[in-house]
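# Fold and contact review
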Amino acid sequence: QAQLVESGGGLVQAGGSLRLSCAASGRTFSGYEMGWFRQAPGKEREFVAGISWTFGNTYYADSVKGRFAISRDAAKNTMYLQMNNLKPEDTDTYYCAATSGRPHNMFRAQGLDYWGQGTQVTVSS
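Now for a description of the structure that goes with this document.

## Looking at the environment of V64
Position of V64 among the secondary structure elements: in the loop between strand 6 (58-60) and strand 7 (68-73). Separated by 16 residues in the primary sequence, V64 and V48 place their C-alpha atoms 7.0 Å from one another. With near-sequence residues (within four places) excluded, V64 lies in contact with R38 and V48.

Here it is, written out as structure tokens:
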């Protein structure tokens, strides 16, 4: 049974940094696209960043470009999201996800194959 488990969320002041981790287990994710989404209560889950597990190609939502960096460590089967210069509007629950589809499939929350349980990020002003 494949599983994704997030960690690293917390409370940080505006301008600060956090690094989220997503530990993958239960199967190989070679050939998968993996990514991060975020969701506030009552709002749709929105794409944040994605990465090709095999090739390491990355892509980002415009709202986080230049501030967030996605990466993966294949040896540890773990994906990361380094978040710098955090803003109060970045406050959300962050989820990692994986799809066997193409990169364009990662831009929408619907139809992805695996999800983590989420980790809360709160940015105070």
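## Details of the packing of aromatic side chains
One pass over the full model with this rule turns up 9 aromatic pairs. Each residue in the set F37, F47, Y59, Y95, F107 and W115 is aromatic and connected to the rest through ring pairs, giving one cluster. The ring of F29 has R27 lying over it, and the distance from NZ or CZ to the ring centre is 5.9 Å. Positioned above the aromatic ring of W115 is the side chain of R45, whose terminal nitrogen or guanidinium carbon lies 4.7 Å from the ring centre.

## Re the sheet that holds strand 8 (residues 78-83)
An order of 1-3-8-7 is seen for the 4 strands of this open sheet, with the pairing classed as antiparallel. On the outer flanks of this sheet lie strand 1 (3-7) and strand 7, each paired with one strand and no other. Adjacent strand axes in the sheet meet at a mean angle of 15° when their direction is disregarded. With 5 bridges joining them, strand 1 and strand 3 (residues 18-25) adopt antiparallel strand pairing. The partner of S7 across the bridge, within strand 3, is S21.

## What about the side chain of R38?
In this fold, R38 is placed in strand 4 (residues 33-39). Within polar-contact distance, the side chain of R38 engages the side chain of E46 at 2.7 Å. Separated by 2.9 Å, the side chains of R38 and D90 make a polar contact. Not counting chain neighbours up to four residues away, the residues in contact with R38 comprise E44, R45, E46, V48, S63, V64, F68, D90, D92, T93 and Y94.

Definitions and limits used
Residues numbered from 1 in each chain as written. Predicted model: local features only at pLDDT ≥ 70, side-chain atom pairs only at ≥ 80, totals over all residues. Heavy atoms only, no water. Helix = DSSP H or I, 4+ residues; strand = E, 2+ residues; numbered from the N terminus. Contact = heavy atoms within 4.5 Å. Phe/Tyr/Trp six-rings, centres within 6.5 Å; stacked < 30°, edge-to-face > 60°. Lys NZ or Arg CZ within 6 Å of the ring centre and 35° of its normal. Pairing = 2+ DSSP bridges. Axes fitted to C-alpha atoms, helices over the stretch in contact; angles between N-to-C directions. Polar contact = N/O pair within 3.5 Å; in protein donor to acceptor, adjacent residues only side chain to side chain.

By themselves, these observations are geometric and do not establish any function.
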